[in-house]
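Commentary on secondary and tertiary structure
Chain residues, written in single-letter form:
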Amino acid sequence: MSRIIAIGPREQDFEHTNDFFCGSITLYGSNQGKNISYSGNYEYRINHNVFSEKQGEFVENEMLKKLKADSNVQFMSYDPNQAYDCDKEIVERTLCLNDRELMRKLNYKISFRKWAKDVCRIHHSDLLYGKECSYYKLQEKYKSYNAFVVQANFATGGEGTYILTAKNKDIIEQQINNDEQYLVSGYEYYNIPINIHAIIYEDDILIFPVSIQIMQIHDNKLLYHGADFLEAMRIDRSVLEEFKQYMKNICAKLQNEGFRGITGVDGMIVDGKVYILEMNNRFQGSTPLLNLALNEIGLPSMQELNYDSFRNKKARYDVKNLKVPYSCFTYLADKNGKPNKGHNRNWTEEKNIVEIYDDGLNYSYGIAPYATLERVVFRTNIVSISSENKVIIHPNIPDISNEWYNEITKKKNMLYLKIALINQGVVLREDAKQYLLNNGGMREGVYNAVDIFMENIVVNSAVKVKFTALSPFNIRASVNSLMLYCCDTKIGDVVIQKADILGEQVTSSGTKVKDICLLATDRVRIQHATNCYFKRCEVGCEFCEVENHEFVFGMQDILEAVDMYIESSYDFRHFLIGGRTGIPEKEPEEIIEIANHISKQGDWPIYVMCIPPRKRKVLKQFYDAHVTEIAFNLEIWDRTLARKWMPGKGAIPRERYIEMLEYATELWGKKGNVRSSFIVGLESEETLMDGIREVCKCGVAPILSVFRPIPGTKGEDFTPLSNDELLSIYLKAQNICDEYELELGPECVFCQNNTLSMPHELL
């Protein structure tokens, strides 16, 4: 039976270690069974990254008690650096310790960078005294930057790492010690923070998979929140190999100096190059994910391998092909030691969650600012790497910010509410589902969503896409209505339209009407093609939910379906022709025939959305067929990215779009009847704004559609932008439109349901 006791910050750090430990002494923990925890004894949840003598004394005293009860017990520490400061008897009974001076040299950022600079690329930084770190002095020194990283020589979890900006300079400059030295560099906004583990034997080195580090700014500090091994696999292979080679170089040097056991290195990818930042000569926050993956394939845990490395010259296990199909996110208390708004979500409803660790968390205890709360492990990625090489975390993973919560619940800011609902989706509670079932069912909106009617706007909010179950928004039922909530705060009553029963009817050939037409908000959408031409040619858009199969119907079926809606009692205003790209040579004729048929039935507005035809005369034919609005959707302005996301459609020259859009304004005018849609979140903000400006110059109204990761598409695991980024993009786009006396399209309030747009009277 094991007599090794684990020492560390969290009880969860020693999960999946195959009974290697007989117990644990931790700062967070259940304080039950084999665990003794500081939080349980003192009923106080500390921030373990801010060291105090009290917590050190607690751990040391508990270790001495264990030794007194059993002189044969041994200890393995999460952070061996802390063992050296303990009683001599504890040090003698602590396993896997390296030379103290070597450990000290590696533990401090300044000395590590000096030590490692000859074997890897070190990120450039300057060693400055606090009195030299005023914002304006640094701006003069680093002329191309407007934000700066100021790091204390020793810090963990991001504590002691400040992001200094013009906005927070007065606060940060007060916190910096004038006589202390700091590592200072320009803040690389577009970077990918990465981490790697290794275990060093006398004659062997085990290198483990790379993870992306999830960092977020709190109170002007860049704090660690978790790791994503899955998304790291999508980093360019040559870049990953460069990082691993630097790790091998560092480990070889360590090995030569007698170092054994666990270590980790933090790096950063900027402009395709890897820069090494610091060493963690200890276990790390992402180690439990490695243990989970090792356990699943029957290999020893990282703690067991660490132990093995001090007893054997060579490793007995091969981890070259290890895959870690997990990510994790750690929730922190806010600056007042409170959970953020909406924190206590029903995580058990999210199918991608594997484990939830709370380490004995008790909200009746005192909680320190930024103390660790729950850690949630996912079986899918929770971040993505943007086209600008920036890490984007899914908006439903972190808690809703206080700013957005207040704008939505207290100020009733409809712009904030719309952006958040489009981006984060909504949960239909069981009572709401039953209410809808009892009242005619639910009409599903486009893009795996539901259209929510409230006050003077309609919002298309996802209900069936990744992480919707974690949305802070939910719809509940009362006796006679549906109500929208943000967390547990009621926003107001809402309406969801009844199911479209006409869609289940069939044409004379037996084709279901819903295979041709979709009734949404105030329009009937006619999908005139039996299949998307690009999907059929296997060059379909990777974000589109149109499946690669043939519907069997002809023009007669289309016209019958149109007539069925015209003759129905449904209250709709106009028709939209589009949704599946038809065969380019035939599509214009089909659109013209449908438009002519509709116009004969009455004065219906007709909106056409298709790829730009090759010849101008086609547009005149559309116009003569009583088409009232038209859109050729560029979707992605950056054509390199367009060809990546849209292999078929992206190959259409941008010049063709612009030519046809310009000519269309000669027919339909420059007041918003000609449009082009852009997908927000797939390209850089810079190129997106370039595209918006170019179409505005033509008198074309841009439409901003928020990227949504539709299940079953190649883009299902790509992460949408944050609400803050969407708000910023909306405001900048609207400013461009104002310059050209245009509005973000479309003008129809009901058709704005899935776009970044808002009636002026509600702003």
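Residues numbered from 1 in each chain as written. Predicted model: local features only at pLDDT ≥ 70, side-chain atom pairs only at ≥ 80, totals over all residues. Heavy atoms only, no water.

This brings us to the overall build of the protein chain. Scanning the protein chain from N- to C-terminus turns up 22 helices and 35 strands. Its C-alpha atoms give the protein chain principal-axis dimensions of roughly 95 × 60 × 50 Å. Here the protein chain, with 763 residues, has 61% of them falling under the buried criterion. Partitioning the contacts of the protein chain with sequence separation of at least 6, the portion at a separation of at least 24 is 69%. About 32100 Å² of surface is accessible on the protein chain, with carbon and sulfur atoms providing 46% of the total. A distance of 2 Å separates the average location of the 88 positive side-chain charges in the protein chain from that of its 105 negative side-chain charges. (Helix = DSSP H or I, 4+ residues; strand = E, 2+ residues; numbered from the N terminus. Buried < 20%, exposed > 50% of the residue type's maximum accessible area, 1.4 Å probe, protein only. Contact = heavy atoms within 4.5 Å. Areas by Shrake-Rupley, 256 points an atom, 1.4 Å probe, with all protein chains shown as cover. Lys, Arg positive; Asp, Glu negative; His and termini not counted. Charge placed at Lys NZ, Arg CZ, Asp CG, Glu CD.)

The next thing to look at is the state of the cysteines. Counted according to the given criterion, the structure contains zero disulfides. Lacking any disulfide linkage, cysteine 698 is separated from the closest cysteine sulfur, that of cysteine 696, by 9.0 Å. Left without a disulfide partner, cysteine 751 is nearest to the cysteine sulfur of cysteine 748, which lies 3.5 Å away. (Disulfide = S-S within 2.5 Å.)

Moving on, we get to helix H20 (residues 654–668). With 15 residues, H20 extends 21 Å between its outermost C-alpha atoms, agreeing within 8% with the 21 Å of an ideal straight helix rising 1.5 Å per residue. Of the positions making up H20, those classed as buried are Arg656, Tyr657, Ile658, Met660, Leu661, Tyr663, Ala664, Thr665, Leu667 and Trp668. Of the surrounding secondary structure, the elements contacted by the buried residues of H20 are helix H18 (616–624), strand E33 (629–631), helix H19 (639–645), strand E34 (674–680) and helix H21 (685–697). Downstream of H20 by one or two residues, glycine 669 has phi in the positive range, about 85 degrees. (Expected span 1.5 Å × (residues − 1).)

Going through the model one piece at a time under the given rule, you end up with 28 aromatic pairs. Centre to centre, the rings of tyrosine 42 and phenylalanine 58 are 5.8 Å apart; their planes meet at 70 degrees, and the pair counts as edge-to-face. Remark: phenylalanine 58 occurs in helix H2 (residues 53–69) and tyrosine 42 occurs in helix H1 (residues 38–42); sequence separation between them is 16 residues. The exposure class assigned to phenylalanine 58 is buried, which follows from its relative accessible area of 5%. (Phe/Tyr/Trp six-rings, centres within 6.5 Å; stacked < 30°, edge-to-face > 60°.)

Strands sit in the order E22-E26-E27-E28 across an open sheet of four strands; the sheet is mixed. Among the strands making up the open sheet, the edge pair consists of strand E22 (427–428) and strand E28 (489–494). As judged from the two bridges shared by E22 and strand E26 (residues 473–477), these two strands associate in the parallel manner. From the neighbouring strand, leucine 428 faces E26, where its bridge partner is isoleucine 475. Here helix H14 (residues 430–438) sits on the sheet in contact with E22, E26 and strand E27 (482–486), set at roughly 55 degrees to E26. (Pairing = 2+ DSSP bridges. Axes fitted to C-alpha atoms, helices over the stretch in contact; angles between N-to-C directions.)

On to the side chain of serine 705. Inspection of the secondary structure puts serine 705 in strand E35 (residues 701–706). At 3.2 Å, the side chain of serine 705 and the side chain of serine 677 are in polar contact. Those residues in contact with serine 705, other than ones at most four positions away along the chain, are Ser677, Phe678, Ile679, Val680, Asn754 and Thr755. (Polar contact = N/O pair within 3.5 Å; in protein donor to acceptor, adjacent residues only side chain to side chain.)

The subject of this paragraph is the packing of helix H16 (residues 555–566) against helix H17 (residues 587–601). Here H16 crosses H17 at 30 degrees, and the two axes come no closer than 11 Å. With respect to H17, the element H16 is oriented roughly parallel. As for how H16 packs across H17, the hand of that crossing is right-handed. Residues Met555, Ile558, Leu559, Val562, Asp563 and Ile566 of H16 pack against Glu590, Glu593, Ile594, His597, Ile598 and Gln601 of H17. (Parallel < 35°, antiparallel > 145°, perpendicular 65-115°, else oblique. Left-handed = near helix turned anticlockwise from the far one by under 90°.)

Within strand E2 (residues 23–28), six of the six residues are buried, which leaves the element mostly enclosed by the surrounding structure. Here five bridges tie strand E1 (residues 4–10) to E2, and the two strands are oriented parallel to one another. Within E2, the position partnered with isoleucine 7 by the bridge is isoleucine 25. Two strands pair when backbone bridges link them, and E2 and strand E3 (residues 35–37) are joined in this way by three bridges, in the parallel orientation. Residue pairing in the sheet places threonine 26 in a bridge with serine 37 of E3.

All right, on to unusual backbone geometry then. The amide bond that connects glycine 745 to the next residue, proline 746, takes the cis arrangement and shows omega of -10 degrees. In this fold, proline 746 is placed in the segment after helix H22 (723–739). Positive phi is not limited to glycine here, since tyrosine 370 has a value of about 60 degrees. In this fold, tyrosine 370 is placed in the loop between strand E18 (366–367) and strand E19 (372–378). We classify tyrosine 370 as buried; its relative accessible area is 10%. A positive phi angle, near 75 degrees, is found at histidine 626, a position not held by glycine.

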